[in-house]
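Coordinates in review
Below, each chain spelled out in residue letters.
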Amino acid sequence: MVHFIIKLGCTPSEPIFVPALNAVEEDDGIITRIVLDGTKNTSFLLILDAKSFKEIARAEMKLGTVVPYGFHGLWNYLD
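First, a word on what this report is: a plain description of the structure on this page. (Residues numbered from 1 in each chain as written. Predicted model: local features only at pLDDT ≥ 70, side-chain atom pairs only at ≥ 80, totals over all residues. Heavy atoms only, no water.)

Structural notes on the overall build of the protein chain
When helices and strands are counted, the protein chain shows 0 helices and 5 strands. Beginning at the N terminus, the succession of helices and strands in the protein chain can be written as β-β-β-β-β. Across the 79 residues that make up the protein chain, the buried fraction comes to 22%. Long-range contacts, defined here as pairs at least 24 residues apart, represent 33% of the contacts in the protein chain between residues at least 6 apart. Total accessible area on the protein chain is roughly 6,100 Å²; 61% of this is exposed by carbon and sulfur atoms. (Helix = DSSP H or I, 4+ residues; strand = E, 2+ residues; numbered from the N terminus. Buried < 20%, exposed > 50% of the residue type's maximum accessible area, 1.4 Å probe, protein only. Contact = heavy atoms within 4.5 Å. Areas by Shrake-Rupley, 256 points an atom, 1.4 Å probe, with all protein chains shown as cover.)

Below is the structure:
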């Protein structure tokens, strides 16, 4: 069950798992994603709890600041 919502016009990057320092279980840690908000022309960093996928933090960029995607995990149709 997913507990965060990406609104229409937003495109998330591939999730990155960051393990907790003293992890006991496989999913002890956080998931980070850069999200492009196409409606505001800006990006934000979304931080989720890796067990529950509940949003635990969000770092918003100044309007007009777009974080470019990395190569890995992005797929585009090429003609």
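Digging into the nonpolar core
Counting 7 residues, the largest nonpolar core consists of Cys10, Ile31, Val35, Phe44, Leu46, Leu48 and Ala50. Of all the elements in the fold, those that place two or more residues in this core are β3 (29-37) and β4 (42-49). The leading source of residues in this core is β4, at 3 residues. With near-sequence residues (within four places) excluded, Ala50 lies in contact with Phe17, Asp27, Gly29, Ile30 and Ile31. (Core = buried A, V, L, I, M, F, W, Y, C linked by side-chain atoms within 4.5 Å.)

Read these as layout, nothing more, since geometry by itself doesn't imply function.
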